[in-house]
Amino acid sequence: MAYDDQNIFAKILREEIPCKKVYEDDYVLAFEDIDPKAPVHILVIPKGAYVSIDDFGINAPADEIVAFYKALALIVKEQGVEQDGFRCIANTGVHGGQEVPHFHMHVLGGKAIGPMVVS
Ligand code: 5GP
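Reading the values: the criteria
- Residues numbered from 1 in each chain as written.
- Predicted model: local features only at pLDDT ≥ 70, side-chain atom pairs only at ≥ 80, totals over all residues.
- Heavy atoms only, no water.
- Pairing = 2+ DSSP bridges.
- Helix = DSSP H or I, 4+ residues; strand = E, 2+ residues; numbered from the N terminus.
- Axes fitted to C-alpha atoms, helices over the stretch in contact; angles between N-to-C directions.
- Polar contact = N/O pair within 3.5 Å; in protein donor to acceptor, adjacent residues only side chain to side chain.
- Contact = heavy atoms within 4.5 Å.
- Buried < 20%, exposed > 50% of the residue type's maximum accessible area, 1.4 Å probe, protein only.
- Near = heavy atom within 4 Å.
- Areas by Shrake-Rupley, 256 points an atom, 1.4 Å probe, with all protein chains shown as cover.
- Nonpolar A, V, L, I, M, F, W, Y, C, P; charged D, E, K, R; others polar.

**Q** Account for the sheet that holds strand 1 (residues 21-24), with residues named and values stated.
**A** With respect to topology, 5 strands assemble into an open sheet ordered 1-2-3-5-4, the strand pairing being antiparallel. Of all strands in the sheet, those bounded by a partner on one side alone are strand 1 and strand 4 (86-89). With strand direction ignored, the average angle separating the axes of adjacent strands in the sheet is 20°. Summarising the sheet, strand 2 (residues 28-32) and strand 3 (residues 40-46) pair through 5 bridges and their orientation is antiparallel. Bridge assignment links Phe-31 to a residue of strand 3, and that residue is Leu-43.

Pasting the structure below:
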């Protein structure tokens, strides 16, 4: 799937629309989900143009991949969820229910969010 630079997260990266930023470095941006499903619901995205987690894993250079997971770990600590735990979700493609075609990791926590449910 080709990257669509009109997707909402590309617009957030270009600062065409606002976000509640919680973290930024050269490779990564993280911001609050507009429709939070838990007390902590952060979206962590690479600044590079990757459609999905598999696109990112295959096509991103190693420094971008390392930066992404280092940032995620920092964000989890900053959000105060590393002790009690959290869930990371990368919805992917049609069957994965992905709405925004720019790779993003949901970080959910701040309460017990129960078993993983697949319906
Ligand atoms: P997906 O279903 O693609 O995994 O998740 C997309 C997420 O992006 C959803 O949880 C949705 O609430 C969030 N979202 C959609 N539009 C915006 C927006 O304009 N700003 C923010 N902060 N989140 C958004």
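**Q** Provide a residue-level description of the side chain of Asn-7, including the pertinent values.
**A** Mapped onto the elements, Asn-7 comes out in the segment before helix 1 (8-13). For Asn-7, the side chain forms a polar contact with the side chain of Tyr-3, separated by 3.1 Å. Apart from the residues lying within four places of it in its own chain, the contact partners of Asn-7 are Val-100, Pro-101 and His-102.

**Q** Before we move on, could you go through the environment of Ile-113 and cite the residues and values that matter?
**A** Looking at where Ile-113 falls in the secondary structure, it is placed in the segment after strand 5 (105-109). As for Ile-113 and Val-81, which are separated by 32 residues in sequence, their C-alpha atoms are 12 Å apart. Other than its neighbours up to four places away in sequence, Ile-113 contacts Ala-38, Arg-87 and Leu-108.

**Q** Account for the side chain of Gln-98, with residues named and values stated.
**A** Here Gln-98 lies in the loop between strand 4 and strand 5. The exposure class of Gln-98 is buried, given its relative accessible area of 18%. Separated by 2.9 Å, the side chain of Gln-98 and the backbone oxygen of Val-51 make a polar contact. Dropping the residues within four chain positions of it, Gln-98 is found in contact with Val-51, Ser-52, Asn-91, Thr-92, Gly-93 and His-104.

**Q** Go over the environment of Ala-60 with me, naming the residues and quoting the values.
**A** Along the chain, Ala-60 falls in the loop between helix 2 (53-59) and helix 3 (62-78). Look at Ala-60 and you get buried, because its relative accessible area is 9%. Distance from Ala-60 to Phe-9, taken between C-alpha atoms, is 17 Å for residues 51 residues apart in sequence. In this structure Ala-60 touches Tyr-50, Asp-55 and Ile-65, once residues within four positions along its chain are discounted.

**Q** Outline the site of the ligand, listing residues and values.
**A** If you check the shell around the ligand, you find 16 residues, and the closest are Asp-33, Asn-91, Glu-99, His-104 and His-106. Contact distances for the ligand include 2.8 Å between an oxygen atom and a side-chain N or O atom of His-104. The protein chains hide 86% of the 520 Å² of surface that the ligand would expose on its own. Secondary-structure elements contributing two or more residues to the shell around the ligand are helix 1 and strand 2. Of all the elements, helix 1 adds the most residues to the shell around the ligand, at 3 residues. Taken together, the residues that form the shell around the ligand break down as 7 nonpolar, 5 polar and 4 charged.

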